[in-house]
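What the coordinates show
Here's the letter readout for the chains.
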Amino acid sequence: MPDTPAATPRARVRVPLRFPDGYSVDAELVTFHGLADGQEHIAVVLGEQAPGATPLVRLHSECLTGDVFGSARCDCGPQLREAVERIAATGGVLLYLRQEGRGIGLYNKLDAYALQDQGLDTYEANAALGLPEDDRDYTAAAQMLRALGITSLDLLSNNPDKAGQLRDLGIDVHDRVPTGVFTTPHNVRYLRAKVLQTQHTLPLADLTGLSVG
């Protein structure tokens, strides 16, 4: 396990969350001092956890296009919406991580979209730009969890790399819970690439049809 300095909570604030479909929930947003990458990640604490229960946690990478503008080219917005409700039901935390475009940034992500329009998949497009397929590091996430007193969790994710990195960082991932499958005509190729190239736990048989974007 890497010897990483501890992070500490900086501030906590209550925020009522409201989603376009009418779902609402109150959350506590937590900011931190001492995160390894210097980014302004936040923890969204949701629901009431039963004594002795394992918290449900999601590491959600920021996606301006999906989370804010509702882009159909990915499944990020629906995953965020689903995660908030599922975590609130049992008690846990959503870590909102400033890792746009799997860590390559917003402008590079949009450049990769342009290459995808020419036929490359999401990983090939990154490579064509001379960028990593996935440049995310979850050291700061592990720091945030420890600062919140969480060292054992159930991880809401289809991505085995998230669980692997957390375990390497000393966090006990008891179970990895898959998210829903949120397909559109525009994201089928993107989701299939996740399954085939990075072993995301999505049902490949369901990801049929042709993408139009």
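Just above sits the structure.
Please read all numbers here as calculations on a predicted model, not as lab measurements.

**Digging into helix 5 (residues 139–147)**
Helix 5 sits mainly inside the fold: 8 of its 9 residues count as buried. Restricting attention to buried positions, one finds in helix 5 the residues Thr-139, Ala-140, Ala-141, Ala-142, Gln-143, Met-144, Leu-145 and Ala-147. After helix 5 finishes, the residue Gly-149 shows a positive phi value of roughly 80 degrees.

**Quick notes on the pairing of strand 4 (residues 56–61)**
Counting buried positions along strand 4 gives 6 out of 6 residues, so the element sits mostly inside the fold. Burial along strand 4 is two-sided: Leu-56, Arg-58 and His-60 facing one way and Val-57, Leu-59 and Ser-61 facing the other are all buried. Note that strand 4 and strand 5 (residues 92–97) share 6 bridges and pair parallel. Bridge pairing in strand 5 links Arg-58 to Leu-94. One ladder, built from 2 bridges, connects strand 4 with strand 6 (residues 152–156); its direction is parallel. Within the sheet, the bridge partner assigned to Val-57 lies in strand 6 and is Leu-155.

Basis of the calculations
- Residues numbered from 1 in each chain as written.
- Predicted model: local features only at pLDDT ≥ 70, side-chain atom pairs only at ≥ 80, totals over all residues.
- Heavy atoms only, no water.
- Buried < 20%, exposed > 50% of the residue type's maximum accessible area, 1.4 Å probe, protein only.
- Helix = DSSP H or I, 4+ residues; strand = E, 2+ residues; numbered from the N terminus.
- Pairing = 2+ DSSP bridges.

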